[in-house]
Structures are given as structure tokens and as C-alpha cells.
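One-letter residues, chain by chain:
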Amino acid sequence: MMKKTTRSIKRHLALPVCCGALALCLTAGAGAVSQADVQLRPDMTILIDGKEQTFYNAEGQEVQPILCDGTTYLPVRAIGEIMGKNVDWNQDTLTVTLSGRRTADATAGTPDKDAAVETVTAEVRDDFTIVLDGESRTFTDVNGKTVHPLLYNGSTYLPLRAIGGIMGKQVEWDGETKTVKLTGLVTDADTFSGEGQTPVKKPDGLLTAEDAAAKALEHAGLKAEDVTFIQKKLEWDDGRQVYDVEFYSGAKEYDYEIDAATGEIISFDHDAEHYTPGTGSPVTLDEAKELALSKVPGAAASHIVKAKQDRDDGKTIYEIEIVYSGMEYDFEIDAATGAILEFDAGPIDD
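A brief report on the enclosed structure follows. (Residues numbered from 1 in each chain as written. Predicted model: local features only at pLDDT ≥ 70, side-chain atom pairs only at ≥ 80, totals over all residues. Heavy atoms only, no water.)

1. Overview of the overall build of the protein
- Helix and strand counts for the protein come out as 4 helices and 25 strands.
- The buried share of the protein, reckoned over its 350 residues, is 47%.
- Partitioning the intrachain contacts of the protein with sequence separation of at least 6 by distance along the chain shows that 57% fall at a separation of at least 24.
- When the accessible surface of the protein is split by element, carbon and sulfur atoms take 46% of a total near 17000 Å². (Helix = DSSP H or I, 4+ residues; strand = E, 2+ residues; numbered from the N terminus. Buried < 20%, exposed > 50% of the residue type's maximum accessible area, 1.4 Å probe, protein only. Contact = heavy atoms within 4.5 Å. Areas by Shrake-Rupley, 256 points an atom, 1.4 Å probe, with all protein chains shown as cover.)

Take a look at the structure:
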């Protein structure tokens, strides 16, 4: 039931390296060449160590950044040129090699002044190999899943995280100016600015898993000895690091998403996974409304946007939805006992 805010795809850009293919996007099955619709994005600005870059293929044609499922890709050959390395393509082994000191002159090209954002079809190529200075490289996303190159119009592409790793750069995305910056030591994308994005603190400024668990317990009104933890996982969500804290207490399962930098509870829910009928008294719809409102401090009857009776798993229930202060709260309440069977809370969808 939880409502997740849909973020603009511009907040999740990652750079491509010339060979790859955008694919559903980065995790096509082994041995399978799949196709995906992607966007050419000439409206993006790429800065490497403060210098704006325009990418060209070997024939001098401008090569645009590619956006696939919120991830930005850049061409490998052009990146190799910027790094001062020779770039070789071996058709027999389907291998792109970046090595040595570049001997060829920088590619001279003519900017494409007519370039526009458009949707094209690219290939996801898990059969391509990327070799850097004699070492075969594989790439993963922030969740540890393998990322494959994209192939479009003869150029191989890799995502931003992979490009940053190859170049030894830190990555930053500014959503207001549509600018990607690569500087310093790579961490993935550890700084996000623009469009109201809250900057992510450095790892040494993050909460610990135990800190996040303590905040969830405090909010739930429970003690550590009263619950069984399922997970306390640090992950990335919408450009910031969050803890997903999940635990059981009695018949209820609790799930919290907590900002790892600020400790803010972004969303939470709990439900009665192993519900057994209670012995309380039947409640009316109006009483169910009052019960729901009591769980949302400050909310009033005018903030209730849905209140109806329904059936679920053989029980009569009330579904109550409250929208208040930028959040949406959803309740399922047992009509026979007044027990809250399920409760979700999260930001209102954009």
C-alpha cells in the first residue's frame, strides 16, 4: 500500500562508455543480446575536471550522452581519448581495450547543432568485454548487479558509475543545469544538487544501522527486546542513502525507510501479517475515522479523502485514507474489533 514518490529520471544519471547497450537496462541475462528504447540527450552538459566535454566518434561525428531508465551513459572511445589511452576494438573476441599512452591525435569533429532529444533503440551487450591496462573489468550498480555495455550506432557506452571507476573520478549530478561533473576520487554519485535534492553527506557523517534501528523503534513505541529484526540495510534511493529497517513484534511487521544522513523517517508501514481475531467491540465507520485520525497528529476530518467499508480475507474492514502535510496515510481497520490491520505512510505521489 505504501506510496513511493516518483522522482524525475534526471536525478539518476550515469555515464556511458562507447560499446555498451542500454538495456532494461543494465542487467540482461547472460549470453542474451537485448534491445531497449533509450534517449539521446544533447541537452546534458558533461564536465571533467571543470572542462566541458563534447564527444566524437572516430569519424568526427558528435556522439551524445544516452539516458536509459534514469541512468546516463557515455561513449568509451571518447573517454579513452580524454584519459590519453589507445582504444582498440577486437571483432573476434568482442573486446574493447584501453591501454598504453595514446599516440593518435585528438579527434577533430564538428558539433551537431541540430541535435535534439530523441528516442532511439540500443543494444545491451553482455557479450562485450572491457579491458583496462591489461585487466578485464566488470561493472556493477549500487545494488551489486552486473552492468553491461550498450551499443548504439557503432559506439560502445558504459554508465556513469563505471566511467567514474575507470577514470578514478567522483561523480556529481546537478539537476537544475542538467550537468554531470567528474572530479577527484569516485564513490558512485556521492553528491547531488539542484531541484531541491538534499545533498548526501560523506559516509563518515551517516547514521549507523543501530542508530537507524533505534529511531524506528522509538517511532513505533517499542523496545529492542520486544522485536525480531529482519534487516537493517543501507541502500541508495532517489539519490540519497537510506536505511531499510524491518522487524516483527508479535503479529505485526514493521518496515521503515530512514534517511541515513539526517535520521528523517521518510516512510513507514506496519501490518498484521499473522492476524488472529481479537475480542474487541464492533466499530462504526465514524469510529474508524476517529481511530485513524488519532494516529496522525494535527490531521482533521477534512483531511480524510477516502473512508469505505470493504471485505478482505473473509473479514469486514474499513479503508481510511488521510492526506495531510505532504504525506499520505492508509489504514485498514477491522470492523469487528477496531484493530488496525495495516497502516502505510509515505510522501504524496508527484
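2. Notes on the sheet that holds strand 6 (residues 86–90)
- The sheet built from 4 strands is open, its strands ordered 6-7-9-10 with mixed pairing. Of all strands in the sheet, those bounded by a partner on one side alone are strand 6 and strand 10 (135–137). The average undirected angle you get between the axes of adjacent strands in this sheet is 25°.
- Sheet analysis places strand 7 (residues 95–99) next to strand 9 (residues 129–132), joined by 4 bridges and oriented parallel. Counted as the bridge partner of Leu98 is Leu132 from strand 9.
- Here helix 1 (residues 76–83) sits on the sheet in contact with strand 6, strand 7 and strand 9, set at roughly 10° to strand 7. (Pairing = 2+ DSSP bridges. Axes fitted to C-alpha atoms, helices over the stretch in contact; angles between N-to-C directions.)

3. Description of the sheet that holds strand 8 (residues 118–125)
- Taken in spatial order, the 6 strands line up as 1-4-5-14-13-8 and close into a barrel, and their pairing is antiparallel. Geometrically, the sheet is characterised by an average inter-axis angle of 45° between neighbouring strands, direction not taken into account.
- Summarising the sheet, strand 8 and strand 13 (residues 150–152) pair through 2 bridges and their orientation is antiparallel. Among the inter-strand pairings, Glu123 is bridged to a residue of strand 13, identified as Leu151.

4. A closer look at the pattern of salt bridges
- Taken as a whole, this structure holds 8 salt bridges when the rule is applied.
- Between Glu123 and Arg125 there is a salt bridge; the shortest N-O distance is 3.0 Å.
- Among the residues examined, Glu123 registers a relative accessible area of 25% and is labelled partly exposed.
- Overlapping salt bridges, with partners in common, bring together Arg41, Asp43 and Lys178 in one network. (Salt bridge = Lys/Arg side-chain N within 4 Å of Asp/Glu carboxyl O.)

5. A word on the environment of Ile166
- Mapped onto the elements of the fold, Ile166 is located in helix 2 (residues 160–167).
- Classification of Ile166 as buried rests on a relative accessible area of 8%.
- Taking C-alpha positions, Ile166 is 7.8 Å from Leu132, a pair spaced 34 residues apart along the chain.
- Ignoring anything within four residues of it in the chain, the contact list for Ile166 reads Met83, Leu132, Arg137, Phe139 and Leu158.

6. Examining the packing of helix 1 against helix 2
- In the contact formed by helix 1 and helix 2, the axes pass within 11 Å of each other and the chain directions differ by 25°. Looking at the two axes, helix 1 sits roughly parallel to helix 2. As for the relative orientation of helix 1 and helix 2, their crossing is right-handed in sense. In this structure, helix 1 contributes Ile79, Ile82 and Met83 to the contact, and helix 2 contributes Ile163, Ile166 and Met167. (Parallel < 35°, antiparallel > 145°, perpendicular 65-115°, else oblique. Left-handed = near helix turned anticlockwise from the far one by under 90°.)

7. Focus on helix 1
- Burial analysis of helix 1 places 6 of its 8 residues in the buried class, the great majority of the element.
- Within the sequence span of helix 1, burial applies to Val76, Arg77, Ala78, Ile79, Gly80 and Glu81.
- Looking at the buried residues of helix 1, the elements they touch are strand 2 (45–48), strand 5 (71–75), strand 6, strand 7, strand 14 (155–159) and helix 2.
- Remark: Gly84 follows helix 1 within two positions and exhibits a positive phi of approximately 80°.

Read these as spatial facts, not as claims about activity.
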